[in-house]
Structure formats: C-alpha cells, structure tokens
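Descriptive structure summary
Below are the chains, spelled out letter by letter.
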Amino acid sequence: MKNKKIIKKIKETAEKIGHQVNLMEVCGTHTQAISRFGIRELMPKNVTLITGPGCPVCVTAQKDIDAIISLALAGVPIATYGDVLRVTGQFGNLNEAREKGAKVFVVYSVEEALEIQKEYPELVFFGLGFDTTVPMTAYAIKKGLTVYSTHKIFIPAMEALLKMGEIKIDGFIDPGHVSAIIGTEPYQSMKIPQVITGFSAEDVLAGILMLLLQIESGRIAIENEYVRVVKKNGNPKARRISFDVFEIGDGLWRGSGNIPGSGLEIKKKYVKFDAKVKYKNILDKVDFSKSHEPVGCKCGEIIRGLKTPKQCPMFGKVCTPDNPTGPCMVSVEGGCNVEYRYNKK
Amino acid sequence: MKIKGQIAEVDFDGIKKEINVAIVDVKVGDFVMVHAGFAIEKMEPDLVADIQGYLNKDEK
C-alpha cells in the first residue's frame, strides 16, 4: 500500500520537474533490487535509472585478474570470493587453472580462508571489494593471511564519474553497505543530490522519491533513508582496523583506469603478508601489457553508465551467464548478469 | 545471539550461523547487518526513515 503511494508521489514529482532526470545506483545489491522488483519499469518517462560501478568483481582491473591467475598457475594456492573464478584474462580463468591442477578455493568469508591456510600455509587471498569488505581482509591479515589486494574505496570513483562528465548524473543512490562503514559525512565532497537507501522495494522507491524531491526543490543534500543500519559516523571500529593495515594509493578500475586515491595497499608493517611483494618474482615475469578487455566486451562502458547491457551486440547471444565473455555477465551483481536474469527480453 | 570471543551465534529467522563480530561493538540481544560472514553494523530494525513525511511533502 505504501509502495503505491510512493510510486504515485514519484510520478507527481517527476511531472513537476518536467525535464529528463538521470539517477545512478552505485551498489551491486541495488542493481539487483531494482531489476528484481521491476522498479525501472515503474519509473515515469523522464526518470532514468542508470547502473554505475557498484559491482566489485566487474571493476577489478584485467591486470589484477591476470596477476592472480598467474600466481595460481605458478602453484600458489588461491582463495577468493566465488564470482572471480569465471573472469577470464590472458591466461584463461581460475576455473580453468583449477582444471590444470592449480589449488583454487572459493570462500564465502575470510574466516574460511584462514581455515584453509592451516592446511596450505602459502595460501593467497584475492582481496577485492569496497569499504565494506576491506575491514574483513584487514582482520585476516592481522591474523596472518597473505593477501593480493585489489581493494578500493568508493567515493573517489563517484567523484571521478562526475569529473569525467561523460554522462549527466542528477542524483546518486548511495551504496547501503559501504555507507554502513563510512557513514554519511564523506559524501559531502560531491555537490549533487544523494540518498543512502536500503535494499527492499520500499527502501529503493523511497530513496528515488527523496532524490526527486531534492531535484524538484533545487536542494542538494545527503539524505539517509537507511537509518536502521547507516549511522552518521558509520562504523569507526571497522575503519580503524582497515587503516591499521591498509594505506591509500592509486586504484586501477576496469572502465575508468587509474583513479588516484581510490586504491588500498598493504602497509609496510604488514609487508610479509603482501602477495604483491612476496611473489614479486612470479609477477615480474607476467607481461601485463597484454592484459586487455575481452574482445568486443562493453563491460567498461556499462560500468560507467555509458551503455546499457542490451546495447552490447553480444548480450544474450554469445555472452550469457552460462558462457560469460566479461565480468559484467559473470558476477551476480554485474549489470549484464542482472539484466539477463530479470529482463532478458 | 551468543558471543564467544570474536564469533557470535546469530539467529537468521530460526537458522543459526556463526558470524564474526570483530569489527563491531555488539552485545547479546543486538540485531546485526551481516555481509560476507561478518557483522558490519548494529541494526535498529524499528528505526525507519519518515517516509510519510516525504509523501506529505510539497516542496517548492
């Protein structure tokens, strides 16, 4: 009942705005929620929901994918979150490496990686994800887990999208779980309407309404719909653990390339757990100049909101979740995978 | 929820799972948001945004 009222108010507000409005969601779980609940189809004609770089597996650079597969093929045991196994690079993918005898383990949590490490002391965890998963990896490093870090902090990527100006963004649906860690304050750096929302249909619809009301009245604010989880100051304990172990550096993103200040590297005091240092001899032999996007794959443009999955000629034809060409179709949070599952036709 | 060191037993609607609580400050009885096997924040399920207020809003 409440959803119907919110949708009605969205339509009224969009009509008052009168011009085209682009709202970008930058969280893979929001991408899934929007498609699962059919929210895109409920939008008035002048409101477009665009998917941004919120899928951690998708934004992981090809170079890092090639690096972790190289380590696996060189005999280093690897543990990683599941979706990464099917992301293909110049040496195939981790699944294929496993078929060739490499030790590759899928874990749901770093706790499982720590368990596997008891049997395989040389285990390397492929650390990926944004501010939400960083403290978990930091915790595991403090417990003695070796990590290849591709971790990223999220706000610099949003700032880079605005700075690049390739696409008009009128408002951001800010990520829920990232915000649980960083709080609401860091978003102040971007002078654009923003709302942090949760993941139910009502949460997402309410977030969209709150954005439209800001746009209609010319207000620019950071509003929080997800108050049951996200606090103004976030989770300081998690951030303390993260920044005890990691320091900010450059971050390499699929689609956007290098974004200064968005990457997280392991601090010197934990250098013995840094796989990039420990296995430098293996990584130095890899020709990363050959780390290219899969031929024809539009994932990089889809991540930046420049193309929709259906604008890729391979979508649903040669590229499907069973036989994915690029990471946007591999990951369950990827724009192409979500579009295929919920809105193929 | 039961807590033993950094591991808590969390009840997900009747299914009990062990969750790491090293990155949050929680006590038995709290609700938590879980991501990749870790509690990432204490939840306050009864705290909701004032959506009704937005529905009644007539901004200009």
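Cut-off values and rules
Residues numbered from 1 in each chain as written. Chains lettered and ligands numbered in written order. Predicted model: local features only at pLDDT ≥ 70, side-chain atom pairs only at ≥ 80, totals over all residues. Helix = DSSP H or I, 4+ residues; strand = E, 2+ residues; numbered from the N terminus. Rg over C-alpha atoms; globule rule 2.2 N^0.38 Å. Buried ≥ 20, exposed ≤ 12 C-beta atoms within 10 Å, placed from the backbone. Contact = placed C-beta atoms within 7 Å. Pairing = 2+ DSSP bridges. Axes fitted to C-alpha atoms, helices over the stretch in contact; angles between N-to-C directions. Domains from an automatic or database assignment. Arc of directions from axis to C-beta.

1. Quick notes on the overall build of chain B
If you tally the helices and strands in chain B, you get one helix and five strands. Rg of the C-alpha trace for chain B: 16 Å, well past the compact-globule value of 10 Å for 60 residues, more than 25% over. Expressed as a percentage of its 60 residues, the buried residues of chain B come to 25%. In chain B, of all internal contacts separated by at least 6 residues, the share reaching a separation of at least 24 is 13%.

2. A look at the sheet that holds strand β1 (residues 21-25) of chain A
Within a sheet, adjacent strands bond to each other through the backbone by hydrogen bonds, running parallel or antiparallel. All names here are of chain A. Spatially, the five strands line up as an open sheet ordered β2-β1-β7-β8-β9, and their pairing is parallel. Each edge of the sheet is formed by a strand with only one pairing partner; in this case those strands are β2 (47-51) and β9 (222-224). Taken over all neighbouring pairs, the strand axes of this sheet differ in orientation by 20° on average, direction set aside. Where strand β8 (residues 194-196) lies against β9, three bridges are found, and the strand directions are parallel. Residue Val 195 lies in a different strand from β9, and its bridge partner there is Glu 223.

3. Brief notes about the pairing of strand β4 (residues 31-35) of chain B
All names here are of chain B. Relative to strand β5 (residues 38-43), β4 is paired through five bridges, and the arrangement is antiparallel. Bridging from a neighbouring strand, His 35 pairs with Phe 38 of β5. Between β4 and β5, which pair antiparallel one after the other, the connecting turn spans two residues, and Ala 36 there sits at a positive phi close to 50°.

4. What to know about the domain arrangement of chain A
Residues and elements named next belong to chain A. Once the domains are mapped, chain A shows domain 1 (1-308) and domain 2 (309-343). A C-alpha centroid distance of 18 Å is found between domain 1 and domain 2. Secondary-structure elements contributing two or more residues to the side of domain 1 that touches domain 2 are α2 (28-36), α4 (56-59) and α15 (299-303). Sort the elements by how many residues they give to the side of domain 1 that touches domain 2 and α2 lands first, with six residues.

5. As for helix α12 (residues 236-245) of chain A
What α12 of chain A keeps buried is the set Ala 238, Ile 241, Ser 242 and Val 245 of chain A. In a view along the axis of α12 of chain A, the buried residues occupy a sector of 100°, so they form one face of it. In α12 of chain A, the exposed positions that point more than 90 degrees away from the buried face belong to Pro 236 and Arg 240 of chain A. Next to the buried residues of α12 of chain A lie α8 (134-142), α10 (176-182), β10 (246-253) and β11 (257-266) of chain A together with β5 of chain B.

6. Overview of the interface of chain A and chain B
Listed by partner, the interface residues are 29 residues for chain A and 24 residues for chain B. Counting residues per element, the ones that place at least two in the side of chain A that touches chain B are α1 (2-17), α8, α10, α11 (201-217) and α12 of chain A. It is α11 of chain A that provides the largest number of residues to the side of chain A that touches chain B, a total of six residues.

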